[in-house]
Amino acid sequence: MSDPRAAVIVFPGSNGDRDLIEALGVAGFDAFPHPSGLPVPAAVALAGLPGGFSFGDYWRAGMLASQEPAVRSLGGLVARGGLVLGVCNGFQILVEAGLLPGALSYNDPAGFRHRWVTVRRVVATPSPWFDNVPEGARLRLPIAHGEGCYFHPGGFAAVAPRAPLLYEENPNGSLGDVAALLDDTGRILGIMPHPERASDRDLGSADGLLLLSGAREALSGIPRSSRGRNSPLEAARAGAGT
Amino acid sequence: MPVFRAELAVRPRPGVKDPQAEAVQESLTRLGHGGVAVHAVGRLLSMTIDCNTSEEAERITAALCDQLLVNPNLETYSVSVEEVV
């Protein structure tokens, strides 16, 4: 079976697209860059929205990018059984597009934060993104953002079932320590930390690959029961090397 | 067709955290302006609209806000419209 295709949408001002393509490749995807001005091709199984400063983040981060044809085609991709991942600026774009609820705004206290953080997996909507991340697991991932403070007018209770990852130490004032959010189907994931920048143990952590491998295995129809400890990713994570 | 100038001001909704305002406040206080209280930091959009009446210009501006320019979770807005002569 050929590797599932993954389109990484490149907006003017994206800067995490190559990292995301690289990490998706490591996880077993045939990943390629796709211009934001065109709808995502029908043959694609996954669309990734990378980090960066799309359209300069003018007016409101993600707002201008949310109107791009590639973003407007994501509902169709999900309806076909595809998956969507928005990282950092990509998360902001998904929220602005209305594909995820709430809003992301300026960090509180104000300022750009870039450092390693620990996030905790908690009970949430079932999602292929988290098939390889058991509840209670802690992931080490890097953040780099100025507008990652998640807000929902209904409070944390309104989004708790959709929040699979919480910060151990909240770096940005995010409501309820929310670090990531799923849509109702579990197929759309917005995440403020960068899983693609945690895909190599030699560079600090390979924990991000657990999310991408879950997506890869779900799209390839690999049953959950046959995954887990024996996978190279789990082995890498356990320190056995690859 | 008449032309109207619309000035749209978008600001954080009352009660929503405004870290930009806090940061600007800190700077102004450091400059010695102890009597100045910053209440909000927002954005201004100045535009002209070709339409028949000021009411229509206001309706168009409201549509722009609903569709794109204002995130109602976080923001509120006000608009002033006047005919360009």
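Just so it is clear, the structure is predicted and the values come from calculations on it, not from any experiment.

Explanation requested: the environment of A:Glu96 in the structure shown.
All names here are of chain A. If you trace the backbone, glutamate 96 turns up in helix α4 (residues 89-96). The spacing of glutamate 96 and alanine 160 is 64 residues in sequence and 19 Å in space, taken between C-alpha atoms. In this structure, glutamate 96 is in contact with Gly62, Met63 and Ser66, ignoring residues within four places of it in sequence.

What exactly am I supposed to notice about the packing of helix α1 (residues 17-26) of chain A against helix α5 (residues 208-219) of chain A here?
Residue and element names in this part refer to chain A. One can describe the packing of α1 onto α5 by two numbers: an axis separation of 9 Å at closest approach and a directional angle of 65 degrees. Seen along the crossing, α1 lies across α5 with a hand that is right-handed. Residues Ala23, Leu24 and Val26 of α1 pack against Gly208, Leu209 and Leu212 of α5. Class assignment of the residues belonging to the contact of α1 with α5 gives a composition of five nonpolar, one polar and no charged.

Help me understand the sheet that holds strand β10 (residues 180-182) of chain A in this model?
Note: strands within a sheet are paired through backbone hydrogen bonds, in either parallel or antiparallel orientation. All names here are of chain A. Strands sit in the order β2-β1-β3-β4-β11-β10 across an open sheet of six strands; the sheet is mixed. Either end of the sheet is taken by a strand with one partner, and the two such strands are β2 (30-35) and β10. Put simply, the sheet's adjacent strands are angled 20 degrees from each other on average, direction ignored. Alignment of strand β4 (residues 83-87) against strand β11 (residues 188-191), held across four bridges, turns out to be parallel. If you follow valine 87 over to β11, its bridge partner there is isoleucine 191. Contacts from α1 reach β1 (5-10), β2, β3 (46-49) and β4 within the one sheet, and its direction differs from that of β2 by about 155 degrees. Against the sheet, α4 engages β3, β4 and β11, with an angle of about 120 degrees to β4.

Help me understand the interface of chain A and chain B, please; the structure alone is not making it clear to me.
By convention, interface size is frequently given as the accessible area that disappears when the constituent parts associate. Across the contact, 15 residues belong to chain A and 10 residues belong to chain B. The residue makeup of the side of chain A that touches chain B, split by class, is eight nonpolar, five polar and two charged.

Calculation criteria
- Residues numbered from 1 in each chain as written.
- Chains lettered and ligands numbered in written order.
- Predicted model: local features only at pLDDT ≥ 70, side-chain atom pairs only at ≥ 80, totals over all residues.
- Helix = DSSP H or I, 4+ residues; strand = E, 2+ residues; numbered from the N terminus.
- Contact = placed C-beta atoms within 7 Å.
- Axes fitted to C-alpha atoms, helices over the stretch in contact; angles between N-to-C directions.
- Left-handed = near helix turned anticlockwise from the far one by under 90°.
- Nonpolar A, V, L, I, M, F, W, Y, C, P; charged D, E, K, R; others polar.
- Pairing = 2+ DSSP bridges.

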